[in-house]
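# Remarks on the overall topology
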Amino acid sequence: MSSSSLPSRWSDDPRFDPLLMNIVQQARGIEPMLDVLFGFLRRKTDFFAGPSGEGSAAALATVSEAVRRHAQTADGKRTEEIEKKRREDEKKARRKKNKTEEEDRRRKKQTDEKSVAEPEVVEMGDSGGFDISSSSNTVDPPPAATEMPGKRVVPASAVADPESSAGKHDESKADDKVPPPLGNGGTVPGKYVWTQTLSELYLTVDLPTGTRSRDLTVNFTKGRLLIKLKGRTDPICDDTLLKPVLPDDSFWTLEDMNKLNIQLEKRNGMEWWEKVCTNDVGIDTTKIQPENSKLADLDGDTRQTVEKMMFDQRQKSMGLPTSEEQQKLDMLEKFKALHPEMDFSNTKIS
């Protein structure tokens with residue numbers, strides 16, 4: 001028998017595993033098993049004599065090459081497993097941090113809601129507009145437009161019906177009493193509880209105590225989610241996702257042998273989902289509590305919008321005009337400068 005390099009296809013062939021495992025158990029160790037193997041080659045083959053009788057050098061080279069190849073494969077798989085575990089640990093830590101931050105935000109909001117004062121009510125004139133010609137808080141009805149010597153009179157602009165505005169205000173106040181969805185997500189009875197951040201979805205599925213990983217089938221593609229439990233005829237979930245996800249960046253874990261945790265990475269990490277799957281009941285995304293973000297982390301358009309909202313809130317709290325109201329005031333001042341012959345004393349900005 002001549003020695004040659006073993007075909008790589010034998011490396012992962014499981015057919016000889018029972019035989020080799022039996023040798024390991026009877027020899028009571030890996031080193032004794034190697035002695036059995038090389039003793040067989042020495043006694044029953046020409047492995048150590050070499051194909052042409054040149055001695056054991058060829059045998060040593062063959063064994064060294066085989067050991068090197070399998071060691072390289074083992075090191076590669078071990079590195080992959082370490083890297084995979086590191087990524088999973090990072091995602092798990094990030095998920096835990098996000099949940100903690102969400103709970104802190106909910107507790108803070110509940111505390112703020114108890115201590116917040118009634119919002120300041122800004123009185124408006126009968127026309128529903130802001131009177132910029134008077135600094136008083138009380139706005140009197142504008143007098144009828146009359147001609148003045150040497151000047152033309154600009155009447156007040158048409159404004160919305162105050163009763164209609166009041167109705168919308170009452171409706172808005174009623175909507176404000178509806179609490180935001182817990183964790184920015186919801187519950188799908190019989191399936192899962194889910195929460196979300198702008199970039200990720202978190203699903204929690206309650207399972208029977210003693211459930212093992214091999215009892216579960218969890219598959220997610222970019223557009224579909226499948227959850228099956230061994231022993232159940234129907235799947236826990238087999239539905240189309242509302243929007244695409246990134247399967248390679250998503251994962252699942254089994255916690256305490258009774259809870260399945262799934263983290264799905266959204267493909268679009270800058271939007272809220274009203275539900276996880278198309279057949280679920282949706283939530284009101286307008287009630288979602290946004291994540292705390294640094295302005296420097298936002299893109300240009302989003303940062304500009306957030307800064308404008310913050311500016312308007314500060315202006316309103318100080319009783320000053322918002323950015324849009326200020327623009328209207330500036331336009332009016334420019335128009336007055338261009339037309340000094342006109343009377344703007346009764347002009348209102350709405």
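Preceding this section is the structure that the text describes.
For clarity, every value in this text was computed on a predicted model and none was experimentally measured.

### Thoughts on the pattern of salt bridges
A full pass over the atoms with the stated rule returns 16 salt bridges. With its nearest N and O atoms 2.3 Å apart, the salt bridge here joins Glu 83 to Arg 86. Residue Glu 83 and its partner Arg 86 are located together in helix H3 (residues 57-115), separated by three residues, close to a single helical turn. A salt bridge links Glu 271 to Lys 243, with the shortest nitrogen-to-oxygen separation between them at 3.2 Å. You can see Glu 271 sitting in the loop between strand S9 (259-266) and helix H5 (300-317) and its partner Lys 243 sitting in the loop between strand S7 (237-240) and strand S8 (245-255), a full 28 residues away along the chain. By sharing partners, the salt bridges in this structure join Glu 83, Arg 86, Arg 87 and Glu 90 into a single network.

### Considering H5
Compared with an ideal rise of 1.5 Å per residue, which puts 18 residues at 26 Å, H5 spans 26 Å between its outermost C-alpha atoms and is within 8% of the ideal. One or two steps after H5, the chain reaches Gly 319, where phi turns positive at roughly 75 degrees.

### Examining helix H2 (residues 30-44)
Across its 15 residues, H2 extends 21 Å between first and last C-alpha, which sits within 8% of the 21 Å expected from 1.5 Å per residue. Those residues of H2 not exposed but buried are Met 33, Gly 39 and Leu 41. Buried positions along H2 lie against helix H1 (17-27).

### Considerations on the side chain of Lys 266
Mapped onto the fold, Lys 266 is located in strand S9. Among buried charged residues, Lys 266 stands out as having no salt bridge; its nearest opposite-charge side chain is Glu 271, 6.9 Å away. Here the side chain of Lys 266 touches Gln 196 through a polar contact of 2.7 Å, side chain to side chain. A polar side-chain atom of Lys 266 sits 3.4 Å from the main-chain carbonyl oxygen of Leu 198. When residues no more than four places from it in sequence are discounted, the contact partners of Lys 266 are Gln 196, Thr 197, Leu 198, Ser 199, Glu 200, Leu 201, Pro 244, Val 245, Leu 246, Glu 271, Trp 272 and Trp 273.

### Let's talk about the pairing of strand S3 (residues 192-196)
Counting buried positions over the five residues of S3 gives four, a clear majority of the element. Note that strand S2 (residues 186-188) and S3 share three bridges and pair antiparallel. Each bridged residue has a counterpart across the sheet, and for Val 188 the counterpart in S3 is Tyr 192. Across four bridges, S3 lies against strand S4 (residues 200-206) in antiparallel orientation. Looking across to S4, one finds that Trp 194 is bridged to Leu 203. Connecting S3 to the antiparallel partner S4 that follows it, the hairpin turn spans three residues.

### As for the sheet that holds S7
The strand order across the open sheet built from three strands is S5-S6-S7, with neighbouring strands paired in antiparallel fashion. Both outer strands of the open sheet, strand S5 (216-220) and S7, are each paired with one neighbouring strand and no more. The mean angle between the axes of side-by-side strands here comes to 5 degrees, regardless of whether they run parallel or antiparallel. In this structure, strand S6 (residues 224-229) lies alongside S7, joined through four bridges in antiparallel fashion. From the neighbouring strand, Leu 225 faces S7, where its bridge partner is Asp 239.

### Things to note about the packing of H1 against H2
Running from N to C, H1 and H2 point in directions that differ by 115 degrees, and their axes come no closer than 8 Å. Classified by the angle between their axes, H1 and H2 sit roughly perpendicular to one another. Of the two elements, H1 crosses H2, and the hand of that crossing is right-handed. Residue-level contacts link Leu 20, Ile 23, Val 24 and Ala 27 of H1 to Ile 30, Pro 32, Met 33 and Val 36 of H2. Within the contact of H1 with H2, the residues separate by chemical class into eight nonpolar, no polar and no charged.

### What to know about the environment of Thr 285
Mapped onto the elements of the fold, Thr 285 is located in the loop between S9 and H5. Counting along the chain gives 12 residues from Thr 285 to Trp 273, while the straight-line C-alpha distance between them is 7.3 Å. When residues no more than four places from it in sequence are discounted, the contact partners of Thr 285 are Trp 272, Trp 273 and Glu 274.

Conventions used here
- Residues numbered from 1 in each chain as written.
- Predicted model: local features only at pLDDT ≥ 70, side-chain atom pairs only at ≥ 80, totals over all residues.
- Heavy atoms only, no water.
- Salt bridge = Lys/Arg side-chain N within 4 Å of Asp/Glu carboxyl O.
- Helix = DSSP H or I, 4+ residues; strand = E, 2+ residues; numbered from the N terminus.
- Expected span 1.5 Å × (residues − 1).
- Buried < 20%, exposed > 50% of the residue type's maximum accessible area, 1.4 Å probe, protein only.
- Contact = heavy atoms within 4.5 Å.
- Lys, Arg positive; Asp, Glu negative; His and termini not counted.
- Polar contact = N/O pair within 3.5 Å; in protein donor to acceptor, adjacent residues only side chain to side chain.
- Pairing = 2+ DSSP bridges.
- Axes fitted to C-alpha atoms, helices over the stretch in contact; angles between N-to-C directions.
- Parallel < 35°, antiparallel > 145°, perpendicular 65-115°, else oblique.
- Left-handed = near helix turned anticlockwise from the far one by under 90°.
- Nonpolar A, V, L, I, M, F, W, Y, C, P; charged D, E, K, R; others polar.

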